[in-house]
Amino acid sequence: MRNITTIFKRELGSYFATPVAYVFIVIFLIMSGAMTFYLGSLYERGQADLSPFFQYHPWLYLFLVPAIAMRLWAEERKSGSIELLMTLPISVGESVIGKYLAAWVFIGISLVLTFPIWITINYLGNPDNGVILAAYLGSFLMAGGFLAIGSCISAMTKNQVIAFIITVVICFLFLLAGSPLVLNFFKVWMPQNIVDAISSLSFLTHYASLAKGVIDLRDVIYFVSLIGFWLYANTIIVEMKKAD
Amino acid sequence: MIKIKNLSKKFGHLTAVEDVSFEVKPGEVLGFLGPNGAGKSTTMKMITGFLSPTTGSVEVCGFDVSEKPIEAKKRIGYLPEGAPSYGEMTPIQYLEFIGQIRQLSGQNKIDRNKEVIQKLHLDKVLNQSIDTLSKGFKRRVGLAQAILHDPEVLILDEPTDGLDPNQKFEVRELINSIAPDKVIIISTHILSEVDAICSRAIIIADGKVLADDTPEGLRSKSSSDKMDDIFREITSGHIS
Ligand SMILES: Nc1ncnc2c1ncn2[C@@H]1O[C@H](COP(=O)(O)OP(=O)(O)OP(=O)(O)O)[C@@H](O)[C@H]1O
Ligand SMILES: [Mg+2]
């Protein structure tokens, strides 16, 4: 635990020591604002809730989370600092978790900084703030899912661009796993129960009720186990590829 | 105490280290010599637990590096080849981070920080990001990191590479001053260093140990008195 905290603090500090943090936060805020007001027509709807804001988060994360995740391990391997990290008296799992949590909290900070939208909607009407808080938590949880995939992929390569592209593709498949586009493709040659299983992996399906502020335990368990799975794979891959 | 038994490392078809065995006792400073690509760094990476051996075993202070990696790593200070570190950090932040991982605390931590900063003359660059330091200073930061927790075992991969003559001298002094109760392995291409600091030298080429002796012992095998000539003779197979 102590080691995880140490790694966590170092990592989080390093975001703010470079322009990465500021560029990311600014782009995150601009994009989420643009999606909410232009695509989601927050004003024109005439309803006091933030669903236009949360509705686009999966698409926002699809590109922004891999951009944060790509450097997690690829950079460490490229610069050689992984040799230092892996010869310090800490376990691989502690490093993986510490680095992951730092990136997740960083995304959390970006998410919290969208609060002006929340203030706006409270100024304009009387939204259910409990629902909004729940939706924020749901969105944060989904970001954690994207991030765990990205962290694992980042450990597979020294090249951040490759890590980014592969992560976007995998996240895209997870997003759309429940959509007719993907399901129709599998329906043709797979038994129904496998098609159902694929459909149940969909980010969009699990996020749909979270985004409405309904915290269903099944959705939470889904994202938590997804994160656990990818981080476990991440640990194994770091162990295998650290010295390549 | 380091015990290395029948250590080998293969990368695909290439055998980087082949059946290397040796022991190093406290008080010994072992110089690890050999041409480029001989397998020096690979051996050091296996001792420090970064690479796992294809066959053979490494024991550090009684702990098998593969079985009890954390215990072994606690007792090792390591300067990897090229002194990698976190470039966006400043040396002081970096030492703080290493100190936390090494579980230093209280007065001890303050004293250790002070000591390594003074010994490696880092005081002028403490608040400059490591990325922007010169090569020699980067190396010194890496050395500071390696000795911060006053480890029983020091593994230094080309510690004086890129240092100015004064710093080379000071780093040798530093190693001599901490040597008496420690196990130290250093790799180097500067053969005069062998006489200056090493109590023993291992010469390796193509992954195999060619000679393992004191500097005087190596001299007695050769007609020449110069370490460079001895090195050339041994690694080109003229004497063994
Ligand atoms: N990750 C790796 N994959 C494949 N081959 C490797 C890898 N690491 C090292 N090698 C090979 O193993 C051999 C030994 O390399 P090593 O770095 O141990 O040499 P060295 O003695 O430290 O040389 P130098 O004096 O140049 O530092 C070389 O032929 C090198 O190409
Ligand atoms: Mg080397």
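Residues numbered from 1 in each chain as written. Chains lettered and ligands numbered in written order. Predicted model: local features only at pLDDT ≥ 70, side-chain atom pairs only at ≥ 80, totals over all residues. Heavy atoms only, no water.

## Concerning the environment of T132 of chain B
Residue and element names in this part refer to chain B.
Here is step 1 of the chain: Mapped onto the secondary structure, T132 falls in the loop between helix 4 (106–119) and helix 5 (135–147).
Here is step 2 of the chain: A residue is classified by how much of its surface remains accessible, and T132, at 48% relative accessible area, is partly exposed.
Here is step 3 of the chain: Expressed as a C-alpha distance, the spacing of T132 and T90, which sit 42 residues apart in the sequence, is 9.4 Å.
Here is step 4 of the chain: Looking at T132, its side chain comes within polar contact range of the side chain of Q128, at 3.2 Å. (Helix = DSSP H or I, 4+ residues; strand = E, 2+ residues; numbered from the N terminus. Buried < 20%, exposed > 50% of the residue type's maximum accessible area, 1.4 Å probe, protein only. Polar contact = N/O pair within 3.5 Å; in protein donor to acceptor, adjacent residues only side chain to side chain.)

## What to know about the packing of aromatic side chains
Residue and element names in this part refer to chain A.
Here is step 1 of the chain: This model, assessed by the stated rule, comprises 24 aromatic pairs over all chains.
Here is step 2 of the chain: Taken together, a centroid distance of 4.6 Å and an interplanar angle of 10° make the contact between W104 and F140 stacked. Here W104, found in helix 8 (residues 92–112), pairs with F140, found in helix 10 (residues 129–154); they are 36 residues apart in sequence, far enough to count as distant.
Here is step 3 of the chain: Seen in terms of ring centroids, F174 and W230 are 6.2 Å apart; in terms of plane orientation they differ by 75°. Their pairing is edge-to-face. One end of the pair, F174, is in helix 11 (residues 160–176); the other, W230, is in helix 15 (residues 217–241), with 56 residues separating them in the sequence. (Phe/Tyr/Trp six-rings, centres within 6.5 Å; stacked < 30°, edge-to-face > 60°.)

## Observations regarding the site of ligand 1
Here is step 1 of the chain: In the vicinity of ligand 1 lie 15 residues, with K40, S41, T42, E81 and H189 of chain B positioned nearest.
Here is step 2 of the chain: Close to ligand 1, residues of chains A and B are found.
Here is step 3 of the chain: A distance of 2.9 Å separates an oxygen atom of ligand 1 from a polar side-chain atom of N36 of chain B.
Here is step 4 of the chain: One of the side-chain N or O atoms of S41 of chain B is found 2.7 Å from an oxygen atom in ligand 1.
Here is step 5 of the chain: Considering ligand 1 on its own, with 640 Å² of exposed area, one finds that the protein chains cover 66% of that surface.
Here is step 6 of the chain: Every element with two or more residues in the shell around ligand 1 is listed here: strand 2 (14–24) and helix 1 (40–47) of chain B.
Here is step 7 of the chain: If one sorts the elements of the shell around ligand 1 by residue count, helix 1 of chain B sits on top with three residues. (Near = heavy atom within 4 Å. Areas by Shrake-Rupley, 256 points an atom, 1.4 Å probe, with all protein chains shown as cover.)

## Things to note about the packing of helix 1 (residues 2–17) of chain A against helix 8 of chain A
Residues and elements named next belong to chain A.
Here is step 1 of the chain: Put simply, helix 1 and helix 8 touch, their axes get as near as 8 Å, and they point 45° apart. Overall, the two elements helix 1 and helix 8 adopt an arrangement that is oblique. Considering how the two elements wind past one another, helix 1 and helix 8 form a crossing that is right-handed. Contact with helix 1, carried on its side by N3, I4, I7, F8, E11, L12, Y15 and F16, involves E94, S95, I97, G98, K99, L101, A102, A103, V105, F106 and I109 of helix 8 and no other residues of that element.
Here is step 2 of the chain: When its residues are assigned to classes, the contact of helix 1 with helix 8 shows 13 nonpolar, three polar and three charged. (Axes fitted to C-alpha atoms, helices over the stretch in contact; angles between N-to-C directions. Parallel < 35°, antiparallel > 145°, perpendicular 65-115°, else oblique. Left-handed = near helix turned anticlockwise from the far one by under 90°. Contact = heavy atoms within 4.5 Å. Nonpolar A, V, L, I, M, F, W, Y, C, P; charged D, E, K, R; others polar.)

## Things to note about the sheet that holds strand 4 (residues 55–60) of chain B
All names here are of chain B.
Here is step 1 of the chain: Spatially, 2-1-4-5 is the arrangement adopted by the four strands of the open sheet, whose pairing is antiparallel. Both outer strands of the open sheet, strand 2 and strand 5 (63–64), are each paired with one neighbouring strand and no more.
Here is step 2 of the chain: Taken strand by strand, helix 1 contacts strand 1 (2–11), strand 2 and strand 4, and its axis lies near 120° from that of strand 1. (Pairing = 2+ DSSP bridges.)

## Concerning the interface of chain B and chain A
As a measure of interface size, the accessible area lost when the parts come together is often cited.
Here is step 1 of the chain: In this complex, chain B contributes 23 residues to the contact, which on the side of chain A involves 25 residues.
Here is step 2 of the chain: The largest contributions to the chain B side of the interface with chain A come from F50, Y86 and I101 of chain B, which together make up 33% of the buried area.
Here is step 3 of the chain: Run the count over chain B and chain A and you get two salt bridges.
Here is step 4 of the chain: Here K45 of chain B and E83 of chain A are joined by a salt bridge, their closest N and O atoms 3.6 Å apart.
Here is step 5 of the chain: Residue assignment for the side of chain B that touches chain A shows that the elements contributing at least two residues are helix 2 (69–74) and helix 3 (91–101) of chain B.
Here is step 6 of the chain: Examining the composition of the side of chain B that touches chain A, we find that five residues originate from one element, helix 3 of chain B, more than from any other. (Buried area = accessible area lost by both parts, 1.4 Å probe. Salt bridge = Lys/Arg side-chain N within 4 Å of Asp/Glu carboxyl O.)

## A word on the coordination of the magnesium ion (ligand 2)
Here is step 1 of the chain: Within the protein, the magnesium ion (ligand 2) binds to S41 of chain B (OG) and E81 of chain B (OE); these donor distances fall in the range 1.9 to 2.2 Å. Highlighted residues: S41 of chain B in helix 1 and E81 of chain B in the loop between strand 6 (76–79) and helix 3, separated in sequence by 40 residues. (Donors = N, O, S within 2.8 Å, 3.2 Å for Na, K, Ca; no water.)

## What about the pairing of strand 10 (residues 208–213) of chain B?
All names here are of chain B.
Here is step 1 of the chain: Pairing analysis gives five bridges linking strand 9 (residues 200–205) to strand 10, with the strands arranged antiparallel. Across the sheet, residue I204 finds its bridge partner in strand 10, namely V209.
Here is step 2 of the chain: Linkage of strand 9 to strand 10, two consecutive antiparallel strands, is achieved through a turn of two residues, within which D206 is found at a positive phi near 50°.

## What to know about the environment of G39 of chain B
Here is step 1 of the chain: Turning to its location among the elements, G39 of chain B is positioned in the loop between strand 3 (29–33) and helix 1.
Here is step 2 of the chain: In contact with G39 of chain B, not counting residues within four places along its chain, are A16, V17 and I204 of chain B.

## Focus on the sheet that holds strand 3 of chain B
All names here are of chain B.
Here is step 1 of the chain: The six strands are arranged 6-7-8-3-9-10 in an open sheet whose pairing can be described as mixed. The open sheet has two edge strands with one neighbour each: strand 6 and strand 10. Mean inter-strand twist for the sheet, computed between neighbouring axes without regard to direction, equals 15°.
Here is step 2 of the chain: In terms of strand pairing, strand 6 meets strand 7 (residues 153–157) through four bridges, oriented parallel. Each bridged residue has a counterpart across the sheet, and for L79 the counterpart in strand 7 is L156.

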